[in-house]
Amino acid sequence: MKTNNFNLVSRIQEPTPKWFRIIRATGLILSAVGGVLVAAPVALPTAIVTIGGYLLLGGTLASALSQTAIKSEEFGKSSEKIQENQTADQDSEKQ
C-alpha cells in the first residue's frame, strides 16, 4: 500500500471530517472558557485558575490535533484501488 506523506501545512489545508470539526469547535470553546478564567480581572480562587489553565491547554490541544485529521478518500487514487480490490474480491467470493 502506498503511503502519502503530507507535511503539516498541506494536512491543515485539507478538508476536515465532520466528527473532527465538532471536536475542533468544542476545543475552541474550552480554550475560550479557560482563557477567561485564567485572565479574569478579578481575584479568583487558585483552584478555579488552575482548572482554567487545564481547560485552556486541553482545548488548544484538541483543536490543533483535530485540525490535522483528513479523510482517507482524500489520499487520492490509492484508496480507490483498495476499494476496487475489495469489490473484486467480494465478487469472486460470490461466484
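Worth saying up front: this structure is predicted, and the values here are computed from it rather than measured.

**Brief notes about the environment of Ile29**
Then comes step 1: As for its position among the elements, Ile29 is in helix 2 (residues 18-38).
Then comes step 2: Accessibility expressed as a relative area gives 56% for Ile29, which makes it exposed.
Then comes step 3: Separated by 34 residues in the primary sequence, Ile29 and Ser63 have C-alpha atoms spaced 9.6 Å apart.

**What about helix 2?**
Then comes step 1: Look at helix 2: 30 Å from first C-alpha to last across 21 residues, which is about the 30 Å you get at 1.5 Å a residue.
Then comes step 2: Every buried residue of helix 2 is listed here: Gly27, Ser31 and Gly34. Burial along helix 2 is one-sided: seen end-on, the buried residues are contained in an arc of 70 degrees. Opposite its buried face, helix 2 presents the exposed residues Lys18, Leu28, Ile29 and Val36, each directed more than 90 degrees away.
Then comes step 3: Structurally, helix 2 contributes buried residues whose contacts are with helix 3 (46-67).

**Overview of the packing of helix 2 against helix 3**
Then comes step 1: It is the contact of helix 2 with helix 3, at a shortest axis distance of 7 Å, that shows an interaxial angle of 155 degrees. With respect to helix 3, the axis of helix 2 lies roughly antiparallel. The two elements helix 2 and helix 3 meet at a crossing, and its hand is left-handed. Between helix 2, through Phe20, Ile23, Arg24, Gly27, Leu28, Leu30, Ser31, Val33, Gly34, Gly35, Leu37 and Val38, and helix 3, the contact on the second element is made entirely by Ile48, Val49, Gly52, Gly53, Leu55, Leu56, Gly59, Thr60, Ala62, Ser63, Ser66 and Gln67.
Then comes step 2: Residues that form the contact of helix 2 with helix 3 fall into these classes: 12 nonpolar, 11 polar and 1 charged.

Cut-offs used in this document
Residues numbered from 1 in each chain as written. Predicted model: local features only at pLDDT ≥ 70, side-chain atom pairs only at ≥ 80, totals over all residues. Heavy atoms only, no water. Helix = DSSP H or I, 4+ residues; strand = E, 2+ residues; numbered from the N terminus. Buried < 20%, exposed > 50% of the residue type's maximum accessible area, 1.4 Å probe, protein only. Expected span 1.5 Å × (residues − 1). Arc of directions from axis to C-beta. Contact = heavy atoms within 4.5 Å. Axes fitted to C-alpha atoms, helices over the stretch in contact; angles between N-to-C directions. Parallel < 35°, antiparallel > 145°, perpendicular 65-115°, else oblique. Left-handed = near helix turned anticlockwise from the far one by under 90°. Nonpolar A, V, L, I, M, F, W, Y, C, P; charged D, E, K, R; others polar.

That's the geometry; what it means functionally is another story.
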